Amino acid sequence: MENLASSPVVEAAPTGAGRSSPSSQLRLKDAVLALSLANLVFIFPWFVMLFDEDHGYYNKLPVSTMTLAVMLLNLMGGALVVWLAVQVVRRMKNRLLERLAVVVFCAALLIPVNFVRLHYLHVAANTVIGLAQHPFVLGLAAALLVAALAWHRVAARVASAPVLILSPLVIFTVGKILMVLTGVISLEQHTGPDSPAPPLRPARPGPRVVWLILDELDQRAAFDARPPGLLLPELDRFARENLTATNAFPPGGGTMVSMPALTTGLPVFDAEPAGASEMRLTLAGTGETLLWSGQPNVFSRARDLGFNTGLVGWYHPYSRVLGRALNFCSWHPYPPFELGRGHTFSETMINQLWATVTPLQQRRLHVRVCERSRAEALNLVTNTQIGLLLLHLPGPHKPGCYDAEKGQFTLTSFHTARSYFDNLVLTDRTFGALRRALEIAGQWDDTWLLLSSDHWWREATAHDGRLDHRVPFIIKAPGANQPVTYAPAFNTLVTHDLLLAMLRREITNQPSASAWIDRHRIPPPTAYKPANSGR
């Protein structure tokens, strides 16, 4: 009788003249393979928990005992499932089942391969998608699939080898989890409560300012050269009615740099986490480094003027960095940094399981961020006790999570350009909901509203090969407005001083706002530090 190949995935050890149950040595080899494969499959959730290089800055939920216990349970449970599956395949002695098992095993290895792509090779998703659509790559993939099915035992040996080689990683993963659980080592992260500033009572009466930052909203893609047939009625209406700057450039190429710059009014060129609740800023020109939380900002200055302040945002832990200047703050983490965490045992378990299919989990969490931040923004935008309100919303920022045609969220939007424009439709509808809330409350005509973005669409070349650094900058003043185009180029770093000028009543209407920008405009940045779009 023919002996099976010596792969732990499909091998049934020969005993005497026939084949019987795998030996204890083979079972042990299967167990090592199963543990290693489970460790690799769950690499996304455990890596961002145990080996965070950003001091926990981007995380809202701490790594708790429950989180680590669930991670151990998933690792051991995943290993047990793999081990049992291998035993079943051996006993069934069915070649079709063996072939299917090998294909599933090889497909599971795409998870660690994707991890290496993101964390070490830094190959963009649109590059991978472009390659995957190339006829040669499609043909090669089909040929490999046919070969794996035809010579499944050889494929099993080849696929098993790196998994077994990487099995010592299990010791590092499980060992670190156990050391954290027993208190031998600790993870750097924020654990204390957030302390908002006490409300000013009574707050100063005066103009109310809503500052809306729609993340990655691009001037060219949204207004100047959008695809034919793409309808953005709410944004178009707002631009037609008010002061629209057509050559506004953000201070930075990403949220990490732009939001500290916009809130402080400082020309930030680079930024990096300096702790769980701190960002170190490097200024353009001088190279001077400062801590974000130690700088006066637009909110602390608004409070000095007697106004209460509020913020709904995402990505930055605003409540920890700027909390002393904010009366109300709610923020949401960027999904890739919290793939496997949750408030409850069941939520944590489900999130870690979803995290094995990272592209879907990122979209699943992004939908949650969009829904919750929209609800919070709608609740706060009509709160007249807040004189200065920042709404930093996800906007059209990736990942794609909306199907514009169906008018519903989706987890399967992967086309770079199409998903951006679908998210843009969602952004338009969110803005429309905010406008209607103000109108229903009778506050639209009494409110300053500044709509802009923190950076341009960084993957615009996937659409038409062009990249444009301009962002929208639209101002609605209280009272009557008319369509005005402001053409001179400027740096939106002026936003900090502009908002304070509104609160001080140094500008009171649309013409005075245009004249103020003329007097105070800053030249656009001469260079941008390349931004990691994942950060």
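It should be noted that the structure appears before, not after, this text.
Residues numbered from 1 in each chain as written. Predicted model: local features only at pLDDT ≥ 70, side-chain atom pairs only at ≥ 80, totals over all residues. Heavy atoms only, no water.

**Quick word on empty space enclosed by the protein**
Here's step 1: Tallied over the entire structure, the rule returns 3 cavities of 30 Å³ or more.
Here's step 2: Put simply, the second largest cavity is a space of about 40 Å³.
Here's step 3: Lining the second largest cavity are G56, N59, K60, L61, P62, Q189, H190, R320 and R341.
Here's step 4: Taken together, the residues of the lining of the second largest cavity break down into 2 nonpolar, 4 polar and 3 charged. (1 Å grid on protein atoms, 1.4 Å probe; cavity = no way out; pocket = protein on both sides within 12 Å on 5 of 7 lines; lining within 4 Å. Points joined across faces, edges and corners; volume = space filled by probe spheres on them. Nonpolar A, V, L, I, M, F, W, Y, C, P; charged D, E, K, R; others polar.)

**A closer look at the nonpolar core**
Here's step 1: Core analysis: the biggest nonpolar cluster contains 58 residues, and W211, F299, F473 and I475 have the highest contact counts within it.
Here's step 2: No other element matches the 6 residues that helix α19 (residues 495-503) contributes to this core.
Here's step 3: Ignoring anything within four residues of it in the chain, the contact list for F473 reads L243, T244, A245, A248, L450, L451, S452, F490, T492, T495, L498 and I517. (Core = buried A, V, L, I, M, F, W, Y, C linked by side-chain atoms within 4.5 Å. Buried < 20%, exposed > 50% of the residue type's maximum accessible area, 1.4 Å probe, protein only. Helix = DSSP H or I, 4+ residues; strand = E, 2+ residues; numbered from the N terminus. Contact = heavy atoms within 4.5 Å.)

**Side note on the state of the cysteines**
Here's step 1: According to the stated counting rule, one finds 0 disulfides in the structure shown.
Here's step 2: C401 takes part in no disulfide bond, and the closest cysteine sulfur, belonging to C370, lies 4.1 Å away. (Disulfide = S-S within 2.5 Å.)

**Concerning the packing of aromatic side chains**
Here's step 1: Summed over the entire model, instances satisfying the criterion amount to 22 aromatic pairs.
Here's step 2: Between the aromatic rings of W46 and F51, the centroid separation amounts to 6.0 Å while the plane-to-plane angle is 70 degrees, which identifies the pairing as edge-to-face.
Here's step 3: Classification of W46 as buried rests on a relative accessible area of 5%.
Here's step 4: On the accessibility criterion, F51 (33% relative accessible area) is partly exposed.
Here's step 5: Here a set of aromatic residues connected by ring pairs shows up, and it is made of F44, W46, F47, F51, F115 and Y120.
Here's step 6: Of note, K60 hangs over the ring of W331, and the distance from its end group to the ring centre comes to 5.8 Å. (Phe/Tyr/Trp six-rings, centres within 6.5 Å; stacked < 30°, edge-to-face > 60°. Lys NZ or Arg CZ within 6 Å of the ring centre and 35° of its normal.)

**A word on the pairing of strand β8 (residues 309-314)**
Here's step 1: The buried fraction of β8 amounts to 6 of the 6 residues, a majority that puts the element mostly inside the structure.
Here's step 2: Neither face of β8 is exposed, since T309, L311 and G313 on one face and G310, V312 and W314 on the opposite face are all buried.
Here's step 3: Two strands pair when backbone bridges link them, and β8 and strand β10 (residues 388-393) are joined in this way by 4 bridges, in the parallel orientation. If you follow L311 over to β10, its bridge partner there is L390. (Pairing = 2+ DSSP bridges.)

**A look at the sheet that holds strand β5 (residues 268-275)**
Here's step 1: Here we have 3 strands laid out as an open sheet, ordered β5-β6-β7, and antiparallel in their pairing. Taken across any chain shown, the strands that pair with only one partner, and hence form the sheet edges, are β5 and β7 (289-291). Direction aside, the axes of adjacent strands within the sheet are offset by 25 degrees on average.
Here's step 2: Taken together, the 3 bridges between strand β6 (residues 278-283) and β7 define a ladder with antiparallel strand orientation. Across the sheet, the residue bridging to L281 is L290, located in β7.
Here's step 3: Packing against the sheet, helix α12 (residues 255-264) makes contact with β5 and β6, and its axis sits at approximately 100 degrees to β5. (Axes fitted to C-alpha atoms, helices over the stretch in contact; angles between N-to-C directions.)

Without other data, these values stay purely geometric and don't point to any function.
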